[in-house]
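In case you want the letters, here they are:
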Amino acid sequence: AQACARETFGRARKAVSKLCMADWNRALDEEAWAALRDARVPFQAAKVGEPPRHVLITLLRDEAGGVEASAIDARCSHRGGPLELGDLEDIEGASCVRCPWHGRLFCLRGGREAFAAGGAGIARLSATASQRVHDVEIRKDGVYVRLSVDPASCPSDEHAYGAEARSAPGGVAKGP
């Protein structure tokens, strides 16, 4: 089964690289963007490109009231958990999302995995990104994402084209 998944992933990645991954794709329409902008939801998941890549879009707010949009792969690099079902956490000023399946923590700026200190805070960050980071642009008619064209592999690539997020009745995420 793993060999089949790797083969499917390889074909999907080749298909995407044949397309111009540098194109901007509308990821969120005006309604979804308004929900994110007005803080009714902490983040939005979207499918971008063809084949569809799962991307997590977040608005990062600073203490001065400024906002910055970020986009990382929406499937956890560890086992493909649905990050859109995770919790948004602020750890020492770093906005992070915690995977609901196994508790992995990823910084929304840079996509690096955060390793917690004994009690609270971040002890260290992974040396490289665990979640692929994509460009985001906010326009009048919604939010656009330009998928990364970095040829270097990233751990989240393995799960980025996976199936829909799985959840148990009542909305509690379940995973392998």
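Residues numbered from 1 in each chain as written. Predicted model: local features only at pLDDT ≥ 70, side-chain atom pairs only at ≥ 80, totals over all residues. Heavy atoms only, no water.

1. Section: the overall build of the protein chain
Within the protein chain one finds 2 helices and 11 strands. When the helices and strands of the protein chain are read in sequence order from the N terminus, they spell out α-β-α-β-β-β-β-β-β-β-β-β-β. The contacts of the protein chain with a sequence gap of at least 6 include a subset with a gap of at least 24, amounting to 50%. In the form shown here, the protein chain has an accessible surface area of approximately 9,600 Å², with 50% of it arising from carbon and sulfur atoms. (Helix = DSSP H or I, 4+ residues; strand = E, 2+ residues; numbered from the N terminus. Contact = heavy atoms within 4.5 Å. Areas by Shrake-Rupley, 256 points an atom, 1.4 Å probe, with all protein chains shown as cover.)

2. What about the nonpolar core?
It is characteristic of soluble globular proteins that their nonpolar side chains tend to be buried jointly. Grouped together as the largest cluster of nonpolar side chains are 14 residues, with contacts concentrated most on Leu 28, Val 48, Val 55, Ile 57 and Val 145. For this core, the secondary structure elements donating two or more residues are β1 (24-28), α2 (30-37), β2 (43-48), β3 (53-61) and β11 (142-146). With sequence-adjacent residues up to four places away left out, Val 48 is seen in contact with Asn 25, Ala 27, Arg 53, Val 55, Val 145 and Leu 147. Counting residues in hydrophobic clusters, the runner-up holds 12 residues, among them Ile 72, Cys 76, Phe 106 and Leu 108. (Core = buried A, V, L, I, M, F, W, Y, C linked by side-chain atoms within 4.5 Å. Buried < 20%, exposed > 50% of the residue type's maximum accessible area, 1.4 Å probe, protein only.)

3. Brief notes about the environment of Glu 113
Assignment of secondary structure puts Glu 113 in strand β8 (residues 112-116). As for Glu 113 and Arg 98, which are separated by 15 residues in sequence, their C-alpha atoms are 9.8 Å apart. Separated by 3.5 Å, the side chains of Glu 113 and Arg 104 make a polar contact. (Polar contact = N/O pair within 3.5 Å; in protein donor to acceptor, adjacent residues only side chain to side chain.)

4. Some thoughts on the pairing of β3
Burial analysis of β3 places 8 of its 9 residues in the buried class, which makes it a mostly covered element. Here β2 pairs with β3 via 6 bridges, running antiparallel. Within β3, the position partnered with Gln 44 by the bridge is Ile 57. Between β2 and the antiparallel strand that follows it, β3, lie 4 residues; Gly 49 among them carries a positive phi value of about 85°. Across 7 bridges, β3 lies against strand β4 (residues 67-73) in antiparallel orientation. Directly across from Leu 56, in β4, lies its bridge partner Ile 72. (Pairing = 2+ DSSP bridges.)

5. Concerning the sheet that holds β2
Read from one edge of the open sheet, 6 strands run β1-β11-β10-β4-β3-β2, paired in antiparallel fashion. The sheet terminates laterally at β1 and β2, the two strands that pair on one side only. With strand direction ignored, the average angle separating the axes of adjacent strands in the sheet is 35°. For β4 and strand β10 (residues 133-139), the ladder comprises 2 bridges, and the chain directions are antiparallel. Residue Ile 72 lies in a different strand from β10, and its bridge partner there is Val 133. The strands touched by α2 are β1, β2, β3, β10 and β11; relative to β3, the strand with the most contacts, the crossing angle is about 40°. (Axes fitted to C-alpha atoms, helices over the stretch in contact; angles between N-to-C directions.)

6. Comments concerning the confidence of the model for the protein chain
Across the protein chain, the average pLDDT comes to 77, with 76% of residues at 70 or higher. With pLDDT under 50 throughout, residues 1-21 is counted as low confidence; its partners more than four residues away or in other chains account for 21 contacts. (pLDDT = per-residue confidence, 0-100.)

7. Examining α2
Every buried residue of α2 is accounted for by Ala 32, Trp 33, Ala 34, Ala 35 and Leu 36. The N-capping residue of α2, defined by a side-chain oxygen 3.2 Å from the backbone nitrogen of Glu 31, is Asp 29. One or two residues past the end of α2 sits Ala 39, with phi positive at roughly 60°.

8. What to know about the pattern of salt bridges
Tallied over the full model, the rule gives 11 salt bridges. For Arg 53, the salt bridge is made with Asp 73, and the minimal N-O distance between the two is 2.7 Å. Residue Arg 53 is found in strand β3, and its partner Asp 73 is found in strand β4; the two are separated by 20 residues along the sequence. Taking the shortest distance from any N to any O, the salt bridge between Arg 104 and Glu 113 comes out at 3.5 Å. (Salt bridge = Lys/Arg side-chain N within 4 Å of Asp/Glu carboxyl O.)

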